[in-house]
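Here are the chains, one letter per residue:
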Amino acid sequence: MILTNIEIVPGHQIVQHFGLVQGSTIRAKHFGRDFAAGLKNIVGGELKGYTELLQESRAEATQRMIAQATELGANAVVNVRFTTSSVAQGASEILAYGTAVRIE
Amino acid sequence: MRLELIIGLGIPLVLVIVGRIVGARIERAHFLSLAEREARFRSRPTLSTKRFTPPLPIRSAELVTGSVVVSIDHFKRFISAFRMIVGGEVRAYSTLIERARREAVLRMMESRPDADAYINTRLETSTLATATGNEGMGTIEVLAYGTAVHYDRRP
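None of the values given here were measured: they were computed from a predicted structure. (Residues numbered from 1 in each chain as written. Chains lettered and ligands numbered in written order. Predicted model: local features only at pLDDT ≥ 70, side-chain atom pairs only at ≥ 80, totals over all residues.)

Overview of the overall build of chain A
Moving on, step 1. Helix and strand counts for chain A stand at two helices and five strands.
Moving on, step 2. Listed N to C, the secondary structure of chain A is β-β-α-β-α-β-β in terms of helices and strands.
Moving on, step 3. Buried positions account for 34% of the 104 residues belonging to chain A.
Moving on, step 4. Long-range contacts, defined here as pairs at least 24 residues apart, represent 76% of the contacts in chain A between residues at least 6 apart. (Helix = DSSP H or I, 4+ residues; strand = E, 2+ residues; numbered from the N terminus. Buried ≥ 20, exposed ≤ 12 C-beta atoms within 10 Å, placed from the backbone. Contact = placed C-beta atoms within 7 Å.)

Here's the deal with the nonpolar core
Nonpolar side chains in soluble globular proteins tend to be buried together.
Moving on, step 1. Counting residues in each nonpolar core, the largest one holds 46 residues, and the members touching the most others are Val77 of chain A together with Ala104 and Met108 of chain B.
Moving on, step 2. At the level of secondary structure, the elements contributing two or more residues to this core comprise helix H2 (48–72), strand S4 (76–88) and strand S5 (91–103) of chain A together with strand S1 (58–71), helix H3 (91–110), strand S2 (117–127) and strand S3 (139–151) of chain B.
Moving on, step 3. Look past the residues within four positions of methionine 108 of chain B in its chain and what remains in contact with it is Val64, Thr65, Gly66, Tyr118, Ala144, Tyr145 and Gly146 of chain B. (Core = buried A, V, L, I, M, F, W, Y, C linked by C-beta atoms within 7 Å.)

Here's the deal with the interface of chain B and chain A
Think of interface size as the accessible area that goes away when the parts come together; that is how it is often given.
Moving on, step 1. Chain B puts 41 residues into the contact, and the matching count from chain A is 31 residues.
Moving on, step 2. Taken together, the residues that form the side of chain B that touches chain A break down as 18 nonpolar, 14 polar and nine charged.
Moving on, step 3. Sheet topology note: the strand S3 (residues 45–46) of chain A/S1 of chain B ladder contains two bridges and is antiparallel. What sits directly across from glycine 45 of chain A, in S1 of chain B, is serine 71 of chain B. (Nonpolar A, V, L, I, M, F, W, Y, C, P; charged D, E, K, R; others polar. Pairing = 2+ DSSP bridges.)

Notes on helix H2 (residues 74–86) of chain B
Moving on, step 1. Along H2 of chain B, the residues classified as buried are His74, Phe75, Lys76 and Arg77 of chain B.
Moving on, step 2. Looking one or two residues beyond H2 of chain B, the residue adopting positive phi is glycine 87 of chain B, at roughly 85°.

Things to note about the sheet that holds S2 of chain B
Moving on, step 1. With antiparallel pairing, four strands are arranged side by side in an open sheet as S3(A)-S1(B)-S3(B)-S2(B). Each having just a single partner strand, S3 of chain A together with S2 of chain B make up the two edges of the open sheet.
Moving on, step 2. Summarising the sheet, S1 of chain B and S3 of chain B pair through 13 bridges and their orientation is antiparallel. Residue pairing across strands places glutamate 62 of chain B opposite alanine 148 of chain B, the latter belonging to S3 of chain B.
Moving on, step 3. Strands S1, S2 and S3 of chain B of the sheet are contacted by H3 of chain B, whose axis makes an angle of about 150° with S1 of chain B. (Axes fitted to C-alpha atoms, helices over the stretch in contact; angles between N-to-C directions.)

Thoughts on the pairing of S4 of chain A
Residues and elements named next belong to chain A.
Moving on, step 1. Relative to S4, strand S1 (residues 2–3) runs parallel, the two being bridged by two bridges. By the bridge assignment, leucine 3 is partnered in S4 with valine 77.
Moving on, step 2. Pairing of S4 with S5 involves ten bridges; the strand directions are antiparallel. Each residue of the ladder has a partner; that of serine 85, found in S5, is glutamate 93.

Quick notes on the confidence of the model for chain B
Moving on, step 1. Of all residues in chain B, 93% have pLDDT values of 70 or greater, and the mean over the chain is 84.
Moving on, step 2. Taken together, the chains of this predicted complex give a pTM of 0.86 and an interface ipTM of 0.85. (pLDDT = per-residue confidence, 0-100.)

Observations regarding helix H1 (residues 2–40) of chain B
Residues and elements named next belong to chain B.
Moving on, step 1. Taking 1.5 Å of rise per residue, the 39 residues of H1 would be expected to cover 57 Å, and the 56 Å separating its terminal C-alpha atoms lies within 8% of that figure.
Moving on, step 2. Residue glycine 10 marks the point of greatest curvature in H1, where the axis turns by about 25°; the proline proline 12 follows within four residues.
Moving on, step 3. Across the 39 residues of H1, two count as buried, placing the element largely on the outside. (Expected span 1.5 Å × (residues − 1). Bend = angle between axes of the 7 residues up to and from the residue.)

Some points on the pairing of S5 of chain A
Regular strands have side chains that alternate between both faces of the sheet.
Moving on, step 1. Taken together, the 13 bridges between strand S2 (residues 14–28) of chain A and S5 of chain A define a ladder with antiparallel strand orientation. The residue of S5 of chain A that forms the bridge with threonine 25 of chain A is isoleucine 94 of chain A.

Looking at the packing of H1 of chain B against H3 of chain B
All names here are of chain B.
Moving on, step 1. The contact between H1 and H3 brings their axes to 10 Å, and the two run at 35°. Between H1 and H3 the crossing geometry is left-handed. Here Glu27, His30, Phe31, Leu34, Arg37 and Glu38 of H1 lie close against H3, whose contacting residues are Thr95, Arg99, Arg102, Glu103 and Leu106. (Left-handed = near helix turned anticlockwise from the far one by under 90°.)

Description of the sheet that holds S2 of chain A
Residue and element names in this part refer to chain A.
Moving on, step 1. Across the sheet, four strands lie side by side as S1-S4-S5-S2; this open sheet has mixed pairing. Looking at strand neighbours, the two that pair on one side only are S1 and S2, the edges of this open sheet.
Moving on, step 2. Where H2 meets the sheet, its contacts fall on S2, S4 and S5, and the angle it forms with S2 comes to roughly 145°.

Structure, rendered in C-alpha cells:
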C-alpha cells in the first residue's frame, strides 16, 4: 500500500478510483501519563508520553484507513489528510482520510 | 493562618521560579539542537507545494509524518496571563510554537533521512485538554506530514 499526500503517485499511473476512505480513533489519556505530564508542565518542553500516545493513535487511524482501501481493492491511497479534534475533555479524535486508487 | 499563606503563595511562586530557570535552559538547548539538525537537511528541500520539477525522475514516494506535543512552563504561563490583560503579541507562546513546528518538521524528515525531497508538507496544530480540566491551556500538538520522494539514480 502506497500512501502519498499529493494527487498522484509519482512514477505510476492511476487506473481506477475507489473514492474516499477514512479511518479514525478516539483516545483517552492514560492516568499515569497524565500525572507525569502534569509534573513536566512546570518546566515546559516536550511531553513525550503524549507525543507517543498521539503517534500510536495516528498509526491506528492510518491502519483503519488502509484496511478500508484494501477491502475496496485499492493498492494506494492518495491525497491523505490528517485532522485532530478534541471530542471530550481528555479525549481526542484522530482522523485520517484519503482517496483510494489502483495504480499500475 | 500563616502556614496557609506560605503554602498558598509559596508553592506557586516556587513553581514559577523553577519554570523560569529550568524552562529557559531547556528552551536554549532545544534551539541549539534544532539549528544543528536543520543544517544537516539543508541540501534536501522541504516544499509546501505539490508540483515541482525534480532534477531526476522520481522512483518512489511515500507518506511521512512527524509530531510533537509541547507544553509551556509555569513562568511563561504566569507572564502571559498579564499579557492577556493588555493585549499584543504573546512572545512566550510564539517561541513555544516555533520550537514545536521546527521539531515536528525535523522529525518528519528524520523518519526518512535518505529521501531527496519532501513535498506538499502540511503543518497542523491542535490543543490538548487534560482530563483534569483547564490545565490544557498551553499544551499543543504539532503534526507535520508530507510526501518523501526518492529520485531514480539508476543510469
